[in-house]
Each structure stands twice: as structure tokens, then as C-alpha cells.
Amino acid sequence: MTSPASPPVPPLADLLAGARVVSLPLATRFRGVEHREAALIEGPLGWAEFSPFLEYADDEAATWLAAAIDFAWHAQPEAVRTEIPVNATLPAVPVERVGEVLARYDGCRTVKVKVAERAQTLADDVARVRAVRELLGPEGRVRIDANGGWNVDEAEHAAHALAEFDLEYLEQPCATVAELAELRTRLRRWDLPIAADESVRKAQDPLAVARAGAADLVVVKAQPLGGVRRALEIVAATGLPAVVSSALDTSVGLSQGAALAAALPDLPFDCGLGTASLLAADVVADPLVPRGGAIPAGRVIPDPALLDAHAAPPERRAAWLERIARCHALLSGTA
Ligand SMILES: O=C(O)CCC(=O)C1=CC=C[C@@H](O)[C@@H]1C(=O)O
Ligand SMILES: [Mg+2]
């Protein structure tokens, strides 16, 4: 996702010089993992995170590296707000755990509930969403994220089954743009918006979903989209309202998401940047967990003692540094 206008890529040695690799335990299993690995790099303007998920190939991961370089080596777009309202993110936990997980999100009035998890049923989703609605009360907002796990008929059926809980929107209910467009047509009468996430961040063309009229809003993430500037361009080009969300980052990556949310001209929805609450440890002394339903915008500095305490094992550090080198070669056109 680099363009001819992309700023020059710093030498690899500069990226690796102060690079740290951490493995942070999660408080709650998420995306099938119990530890989150991340590389942190320091540039002239501060720290940035490089943490593409382990299964991502280098061409996709290189865009995440472009984001880290942009954040650590270049000044960021001007902020128009200092506090970012955030939602609580509820993994696909059994209903008995809903209260305990949500208690980790101080002051959040919006909850995003993960649904359509493999090996679970719609009844599990309904029970989890019901528990959230009961805890939040009628004024709270509840959105769901299916990560593309339903076909159009399943998504329509699920929307009916969940209708009584007054959903704010459905995030990526189906995998493809064509399916989202079809579902949106079927749901239009109901005023139930559709948000595109994977159809933006993992698509060859992040604007295709907007062009097809297949979503009412877009979810944007700073790392997968190649940085704050690039994400702002994408949002502007879609002409749709945007929600900024995390990639289950450490507080360093969250500061990149917060910079994006701070720079967006309009921020009509609570952002998915409360995910430090899903971590059992972080790299900064004062993690960006929600307080009063918000996190602050601004750069953060890792605590050397925490970087040491959570350093990844040597073979994992070596694997991440090699990954950085391969992605760097792709970005500099020397691969
Ligand atoms: O948006 C949120 O509330 C939190 C972030 C979140 O849900 C995600 C983070 C990382 C990977 C994704 O599977 C997931 C998402 O799909 O939005
Ligand atoms: Mg999502």
C-alpha cells in the first residue's frame, strides 16, 4: 500500500537498532491466542509498533511496517481532539464470564460483542448479547462483529434473532463485498447499519466496499492500513463515517490508533481502542486502558523494566527481526 508519494524508508539498521520484541499474556483469549507478540521500534519521533498477526504473509505485513515507520519517523496529522471515547470489546466468552470481562472497561457505554465464532451456535451469540444488554441497560449501545463468519441468509437470520437487543450496527457480518451489499439491501427497511472491517483492511482495494454501496460505515485500523495518514485518506475517499479500532495492539500500537482517531474530522462512534483491557500486561507503566470510557491521544514511551519482563524468547525475537528485515526489503523495493 505504499505509493510513489510515500516518504523514503529508513535503513534497516536504524529500524533494528533499538527494536524490542515482547510477548504479552492476554487476560481473555482472543482470536484464538493467549499471548500477543509485538515488535516495538524507536525512531526520531518516538516509539511505534509492528505486530501483524503471525499468520499474515510478508506482503500484507509490510503495510503494517510502513505504518510503524510513518509513526516513528514522521510528524503525524494534527489532532482535533485529545480524548477518544472507546467501546468495550467482548470476546466470544461463555455467558457466565460476560460481567467479569466487561468490568475491565471503566465507564464504557458501548460494547462490541464477538459473534459467529467457530464451534459456537447462534444461541450462544444471542445469550451473550442478551447478557450484555441486561448489564448495560437500555441506553447502552451494543454492536456485534462476526468477522465475516455468516453467509447472507445466516446473517439475516441472526439479525432477526438479535433484533430485540437494539443493535448499533453489524460489523463484517459476511466475508465478501457482494454479500454485504445483498445483506444491506435486505436489512435496509430496518435501519440496521453495516460496518465494513476486513473488506477495508484486508482488501486489495479498500474503497471497493464503499463504491459498491455495501456498507454504512467503515472500521479503520492504523497498522493494517499503512499508518495514520493513509487511513485518513481512505476514510475521506470512502465518504463514509468511520470507527477507529485496534489490532489488539500494545499501548504503543493503541497510541497510533488514538492518533488516527484524534485526527479524524468527525468521530461519530465510540472507537474499538479499549483493548488494552484484554491484556494481562503491557509495555507502558500507565497503559491506555479506558478510564471514564475514553483513552487519551498522545505518544507513549515503553517502560524498560516492562520490556525486559515481557521480552519474547530469543527464537521468537529472531523470527520477528527477520520478519522486519523481509518487510523492509519489500518496502524499499530490494526484495
Ligand atoms: O473493535 C474493537 O472493539 C476491538 C478490536 C477488534 O475487535 C479486533 C482486533 C484485532 C483483530 C480483529 O479480529 C478484531 C476485529 O475484527 O475488529
Ligand atoms: Mg472487526
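Cut-offs and rules
Within any chain, residue numbers begin from 1 and follow the written order of that chain's sequence. The order in which chains are written sets their letters, starting at A; the order in which ligands are written sets their numbers, starting at 1. Selection of residues for local features in this predicted model requires a pLDDT of at least 70, selection of side-chain atom pairs for listing and counting requires 80 or more, and totals for whole chains, interfaces and linings are taken over all residues. For the side-chain quantities, the full set of heavy atoms in the structure was used; hydrogens and water were omitted. Donor atoms (N, O, S) are those found within 2.8 Å of the metal centre, with the cutoff raised to 3.2 Å for Na, K and Ca; water is not part of the atom list, so apparent gaps in a site can occur. Helical segments are the DSSP runs of H or I of at least four residues, strand segments are the runs of E of at least two, and each set is numbered from the N terminus. Note on classification: 1.4 Å probe, protein chains only; a residue is buried when its accessible area is under 20% of the maximum for its type, exposed when over 50%, partly exposed between these limits. At least two DSSP bridges between two strands are needed for those strands to be called paired. The convention used is that axes are lines fitted to C-alpha atoms, helices contributing only their stretch in contact, and that angles between N-to-C directions extend from 0 to 180 degrees. In what follows, a contact means two residues having at least one pair of non-hydrogen atoms within 4.5 Å. Put simply, the grid is 1 Å and covers the protein atoms alone, a cavity is a trapped set of points that fit a 1.4 Å probe, a pocket is an open set with protein on both sides within 12 Å along at least five of seven lines, and lining residues have an atom within 4 Å of a point. Grid points are joined across faces, edges and corners, and a volume is the space filled by probe spheres set on the points. Residues are grouped as follows: nonpolar covers Ala, Val, Leu, Ile, Met, Phe, Trp, Tyr, Cys and Pro; charged covers Asp, Glu, Lys and Arg; every other residue, Gly included, is treated as polar. Domain start and stop positions are those given by an automatic or database domain assignment.

**Looking at the coordination of the magnesium ion (ligand 2)**
Protein-derived ligands of the magnesium ion (ligand 2) are Asp145 (OD), Glu171 (OE) and Asp197 (OD), with the metal-ligand distances lying across 2.0 to 2.2 Å. One chain supplies every donor for the magnesium ion (ligand 2), spaced along it as D-x25-E-x25-D. Separated by 26 residues along the polypeptide, Asp145 in strand β7 (residues 141–145) and Glu171 in strand β8 (residues 167–171) bring together distant segments of the chain. Note on Glu171: relative accessible area 2%, which makes it buried.

**Focus: the sheet that holds strand β2 (residues 33–43)**
Here we have three strands laid out as an open sheet, ordered β1-β2-β3, and antiparallel in their pairing. A strand with exactly one partner marks an edge of an open sheet, and here the two such strands are β1 (20–30) and β3 (46–50). Taken over all neighbouring pairs, the strand axes of this sheet differ in orientation by 35° on average, direction set aside. Strand direction decides the pairing type here: β1 and β2, joined by seven bridges, are antiparallel. Residue pairing in the sheet places Val22 in a bridge with Ala38 of β2. On top of the sheet, helix α10 (residues 251–263) reaches β2 and β3; it is set at about 100° to β3, its chief contact. In the packing of helix α12 (residues 314–332) onto the sheet, the strands contacted are β1, β2 and β3, and the crossing angle to β2 comes to about 55°.

**Section: the layout of surface pockets**
Its volume calculated, the largest pocket comes out at about 810 Å³. Considering the residues around the largest pocket, the lining is formed by 37 residues, among which Arg31, Gly32, Lys114, Glu117 and Asn147 are closest to the centre. Elements that contribute at least two residues to the lining of the largest pocket include exactly β1, β6 (110–114) and α7 (198–201). In terms of residue count, β1 provides more of the lining of the largest pocket than any other element does, three residues in total. A class-by-class count of the residues in the lining of the largest pocket yields 14 nonpolar, ten polar and 13 charged. When residues of the lining of the largest pocket are sorted by domain, at least three fall in each of domain 1 (12–77 + 304–332) and domain 2 (83–296).

That is the geometry; function is a separate question.
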